[in-house]
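Summary of the model geometry
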Amino acid sequence: AEAAANSSGRGRIGAKYDFFKSRLGDIGFIADDHDKESPDSLWQRARRSRVTSSGALRLLDPQTRKNALRDLVTGTLTPEDTPATISPGSLMTKSGDALEPIALDWYRKNIDSETFEPGMIYNKKIPGQATTPDAITGKGRKLVEVKSRWDRIDPLSKDLTPEQRQTLMKNYAQMQH
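Here's a quick rundown of the structure. Everything numeric in this text was worked out from a predicted model, so none of it was measured. (Residues numbered from 1 in each chain as written. Predicted model: local features only at pLDDT ≥ 70, side-chain atom pairs only at ≥ 80, totals over all residues. Heavy atoms only, no water.)

**Considering the overall build of the protein chain**
A tally of regular secondary structure across the protein chain gives six helices and four strands. When the helices and strands of the protein chain are listed from N to C terminus, the series reads α-β-α-α-α-α-β-β-β-α. The 177 residues of the protein chain split such that 33% are buried. Accessible area for the protein chain stands at about 11,600 Å²; split by element, carbon and sulfur atoms hold 56% of it. (Helix = DSSP H or I, 4+ residues; strand = E, 2+ residues; numbered from the N terminus. Buried < 20%, exposed > 50% of the residue type's maximum accessible area, 1.4 Å probe, protein only. Areas by Shrake-Rupley, 256 points an atom, 1.4 Å probe, with all protein chains shown as cover.)

**Observations regarding unusual backbone geometry**
Most peptide bonds take the trans configuration, and most residues that are not glycine carry a negative phi. Its identity is not glycine, yet Lys139 carries a phi of approximately 55°, on the positive side. Its location among the elements puts Lys139 in the loop between strand 3 (135–137) and strand 4 (142–144). Residue classification places Lys139 among the exposed positions, given a relative accessible area of 62%.

**Examining the pattern of salt bridges**
Following the criterion strictly, the structure yields six salt bridges and no others. A salt bridge links Asp26 to Lys125; the shortest N-O distance between them is 3.9 Å. Residue Asp26 is located in the loop between helix 1 (11–21) and strand 1 (27–31), and its partner Lys125 is located in the loop between strand 2 (120–123) and strand 3; the two are separated by 99 residues in the primary sequence. Judged by its relative accessible area of 66%, Lys125 is exposed. When the shortest N-O distance is used, the salt bridge between Arg108 and Asp105 registers 3.0 Å. Of the two residues, Arg108 and Asp105 are both situated in helix 5 (residues 91–110); the distance of three residues between them amounts to about one turn of the helix. Exposure remark for Arg108: the relative accessible area of 4% places this residue in the buried category. (Salt bridge = Lys/Arg side-chain N within 4 Å of Asp/Glu carboxyl O.)

**Brief notes about helix 4 (residues 65–77)**
Along its 13 residues, helix 4 runs 18 Å from first to last C-alpha, staying within 8% of the 18 Å computed at 1.5 Å per residue. When we look at burial in helix 4, the residues that qualify are Ala68, Leu72 and Gly75. Across the axial projection of helix 4, the buried residues extend over an arc of 70°, all falling on one side. Of the exposed residues in helix 4, the ones pointing more than 90 degrees away from its buried face are Lys66 and Leu77. (Expected span 1.5 Å × (residues − 1). Arc of directions from axis to C-beta.)

**Details of the side chain of Asp134**
Inspection of the secondary structure assignment puts Asp134 in the loop between strand 2 and strand 3. Here Asp134 falls in the buried class, since its relative accessible area comes to 8%.

What follows is the structure in structure tokens.
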């Protein structure tokens, strides 16, 4: 509770409330992140019929475009009350899921106590898109994306492997969406 409150007593709950209140005409809320573990969750069901950051990258990649388009159309045509199919996730995804709360707690304690997780949100003018930023900070003006990996990737290196380039492109897409 101490990390969630700032000197004015507003904390991350107040920051999240203010963020959505000040953007009622622009930003829509779909579901909280803690809801994403179940195939029946609104988070999972809403995600399959929207272009998300990772989906946008798959649509742009010539190697994954066909399957990404098929998945998006299938998801859009699936009744909303049908449970979603959840992939088990990679080692990196599992690592990120485990380390993200720790990193965000550190960030709130050391950088900005009003940092909050917005859940799945969308721009009301573009309802077919959705995004799930790890957190929002800076009075609603900055995104926080937590990345955990066992090696550091230098984006300026001339010796990047194809896998490292793909990781950097995915990270970039997440921040642009």
